[in-house]
Amino acid sequence: MVEAGHFPDAVTYTLLMNGMCREGDALGALRLLEEMEAKVCSPNSCTYNMLLHGLCKSRLLEKGIELYQMMKSSDIKLETAAYATFVRSLCRDGWVAEAYEVFDYAVESKSLTDVSAYTALESSLKWLKKAREQGLAV
């Protein structure tokens, strides 16, 4: 592609990262984000949300939290799928206070409707309660 004089844009990078995440290589997608930024190609909210979703699905929650903090400091809004997966991952790993903080950000930043935000948090907390009752969660 580059040899032919065509350079990837944000959409191309995002699609590549999405494919990498789907194949279980979220860390590779994170490296691709660094390459993208180094080549002065600005990621968009779709890029960050897709990557957050991929990191959580790959159980790389610490990396997901770092990415979320960067998104928050840059006023990037959360999309529904990334938000729900992130809150679910936080609750699954026992980070309930952090899940509430993400909920607060989603509502305050108007990333999501209140109903969407509450629904994801409520279902995650119900799952956590059930898992704890069965001795399966933190």
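This text follows the structure it describes.
Conventions adopted
- Residues numbered from 1 in each chain as written.
- Predicted model: local features only at pLDDT ≥ 70, side-chain atom pairs only at ≥ 80, totals over all residues.
- Heavy atoms only, no water.
- Core = buried A, V, L, I, M, F, W, Y, C linked by side-chain atoms within 4.5 Å.
- Buried < 20%, exposed > 50% of the residue type's maximum accessible area, 1.4 Å probe, protein only.
- Helix = DSSP H or I, 4+ residues; strand = E, 2+ residues; numbered from the N terminus.
- Contact = heavy atoms within 4.5 Å.
- Disulfide = S-S within 2.5 Å.
- Axes fitted to C-alpha atoms, helices over the stretch in contact; angles between N-to-C directions.
- Parallel < 35°, antiparallel > 145°, perpendicular 65-115°, else oblique.
- Phe/Tyr/Trp six-rings, centres within 6.5 Å; stacked < 30°, edge-to-face > 60°.

Draft legend 1. Structural context of the nonpolar core. Grouped together as the largest cluster of nonpolar side chains are 40 residues, with contacts concentrated most on Met17, Leu51, Leu52, Leu78, Tyr83 and Phe86. Secondary structure elements with two or more residues in this core: helix 1 (10-22), helix 2 (26-38), helix 3 (45-57), helix 4 (61-73), helix 5 (80-92), helix 6 (96-108) and helix 7 (114-133). Broken down by element, the residue count for this core peaks at 7 residues, all from helix 5. If near-sequence neighbours (up to four positions away) are discounted, Phe86 is found in contact with Leu52, Cys56, Leu61, Gly64, Ile65, Tyr68 and Val102.

Draft legend 2. Up close: the environment of Leu16. Summarising the element assignment, Leu16 is placed in helix 1. Measuring from C-alpha to C-alpha, the distance between Leu16 and Leu33 comes to 10.0 Å, with 17 residues separating the pair along the chain.

Draft legend 3. Structural view of the state of the cysteines. By the definition in use, this model includes 0 disulfides. Here Cys46 stays free of any disulfide, with the sulfur of Cys21 as its closest cysteine sulfur at 12 Å.

Draft legend 4. Up close: the packing of helix 6 against helix 7. Relative to each other, helix 6 and helix 7 sit at 170 degrees, their axes nearing to 9 Å. The pairing of helix 6 with helix 7 is recorded here as roughly antiparallel in orientation. Contact residues: Val96, Ala99, Tyr100, Phe103 and Val107 in helix 6; Asp114, Ala117, Tyr118, Leu121, Leu125 and Leu128 in helix 7.

Draft legend 5. The packing of aromatic side chains, seen in detail. Going through the model one piece at a time under the given rule, you end up with 3 aromatic pairs. Between the aromatic rings of Tyr68 and Phe86, the centroid separation amounts to 5.1 Å while the plane-to-plane angle is 45 degrees, which identifies the pairing as tilted. Of the two residues, Tyr68 is situated in helix 4 and Phe86 in helix 5; the sequence distance between them amounts to 18 residues. Among the aromatic side chains, those forming a connected cluster through ring pairs are Tyr68, Phe86 and Tyr105.

Function-wise, these values are silent; they only describe arrangement.
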